[in-house]
Amino acid sequence: MWEFIDLLITLTFYGTAYGMILYCLAVGLSVTLGLMRFVNLAHGVFAMTGGYLTVTAMSRLGFAFLPAVVVSVIAVGVLGMLVERTLCRRLYAAPILEQVLFSIGLIFVSSAVARYFFGPLAQPIDLPAWLSGRIDIGVGVFPAYRVFLIGVGAVLAFAIWAGVERSRFGASVRAAVDNRRMAESVGINVNRVFTICFGLGTGLAALGGSLGADLLPIYPGYPNDYLVYFLIIVAVAGLGNLRGAFFVALTFGVSDTVVRYFLPDLGRILILLMVMAVLSYKPHGFAPKTHA
């Protein structure tokens, strides 16, 4: 009995760490898709780019882990703002199909570029010594890397909630999406708000890709293979529901880990069936549209 309880605690811990990485990756998509109403299916491209930059900065430039992550997040955030200003801005008023086709094209191009420069195999990342050991957290001894992921995810969730949902900037984004003409009439620079918002979303993707490079390996197929996870979290939480995305990511991470442990052959199918059941009952997720 106690062995089974210990097993559940261990699976819950590992699932929580997994869910935190999924949250870091998906919350950026929730920002661009939920707040900006832009169908950015190429969100994983920016996560992959952040992971590649982190690995390159560490292995070829001699950066330590955390400085490499910070540099990668800033670089990808700036790249995201450039992409928004030069490409995405032209598609805000376009039909959804055109936004989807643009995103898919960006995925194909980015994957081909990644394969050309880095090859088809996953890029290994060397974690620092302080993340390679194990830590006793009271209910068990667990890898320091996953404890670190959980801590970062919790801090990030609070920072995003305070910075987007309870700030003037977040209100400006929602106002710009709801009624652009009215927002401009009260002095909101909509173009600048959208650029910053898109840069924030891509920077968050890079953060998830960088921090999770040891858990979700970085390779050219990354944007395609993990896209379904991002979409599940955003869809089940509801568009623009940043706080809901946190709880959905944790629930998905724990459920996926536990189910796949006990049913390795059917686990993924059961998880997807559960997602389908939830969306059949609540098509708009747990946060029906409130800003449109």
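Everything numeric here is computed off the predicted structure, so don't read it as measured data.

**Student:** I'd love a proper account of the packing of aromatic side chains, names of residues and values included.
**Tutor:** By the definition in use, this model includes 17 aromatic pairs. Judged by centre distance (6.3 Å) and plane angle (45 degrees), the ring pair of Phe4 and Phe262 falls under tilted. Of this pair, Phe4 sits in helix 1 (residues 2-35) while Phe262 sits in helix 11 (residues 242-262), and the two are 258 residues apart along the sequence. Overall, Phe4 belongs to the partly exposed group, its relative accessible area being 42%. The exposure class of Phe262 is partly exposed, given its relative accessible area of 40%.

**Student:** Which residues make up the packing of helix 2 (residues 43-59) against helix 4 (residues 96-118), and what are the values?
**Tutor:** Where helix 2 meets helix 4, the closest approach of the two axes is 10 Å, and the angle between their N-to-C directions is 20 degrees. Accordingly, the angle class assigned to the pair helix 2 and helix 4 is roughly parallel. Two packed elements cross with a definite hand, and for helix 2 against helix 4 that hand is left-handed. Note on element contacts: helix 4 touches helix 2 through Leu106, Ile107, Ser110, Ala114 and Phe118, opposite Val45, Met48, Tyr52 and Thr56. Its residues assigned to classes, the contact of helix 2 with helix 4 comprises seven nonpolar, two polar and no charged.

**Student:** Describe the layout of surface pockets, and please don't skip the residues or the numbers.
**Tutor:** Taken as a whole, the largest pocket holds about 270 Å³ of empty space. Val45, Met48, Thr49, Ser110 and Val113 are, among the 16 residues lining the largest pocket, the residues nearest its centre. Only helix 2, helix 3 (65-86) and helix 4 provide two or more residues apiece to the lining of the largest pocket. Partitioned by chemical class, the residues of the lining of the largest pocket number 13 nonpolar, three polar and no charged. Each pocket or cavity is described by its volume, and for the second largest pocket that value is around 220 Å³. Taken together, Ile232, Val236, Val248, Thr251, Phe252, Ser255, Ile271, Met274, Val275, Val278 and Phe286 form the lining of the second largest pocket. Listing elements by their share of the lining of the second largest pocket, those giving two or more residues are helix 10 (227-237), helix 11 and helix 12 (267-281). Its residues assigned to classes, the lining of the second largest pocket comprises nine nonpolar, two polar and no charged.

Parameters and conventions
- Residues numbered from 1 in each chain as written.
- Predicted model: local features only at pLDDT ≥ 70, side-chain atom pairs only at ≥ 80, totals over all residues.
- Heavy atoms only, no water.
- Phe/Tyr/Trp six-rings, centres within 6.5 Å; stacked < 30°, edge-to-face > 60°.
- Helix = DSSP H or I, 4+ residues; strand = E, 2+ residues; numbered from the N terminus.
- Buried < 20%, exposed > 50% of the residue type's maximum accessible area, 1.4 Å probe, protein only.
- Axes fitted to C-alpha atoms, helices over the stretch in contact; angles between N-to-C directions.
- Parallel < 35°, antiparallel > 145°, perpendicular 65-115°, else oblique.
- Left-handed = near helix turned anticlockwise from the far one by under 90°.
- Contact = heavy atoms within 4.5 Å.
- Nonpolar A, V, L, I, M, F, W, Y, C, P; charged D, E, K, R; others polar.
- 1 Å grid on protein atoms, 1.4 Å probe; cavity = no way out; pocket = protein on both sides within 12 Å on 5 of 7 lines; lining within 4 Å.
- Points joined across faces, edges and corners; volume = space filled by probe spheres on them.

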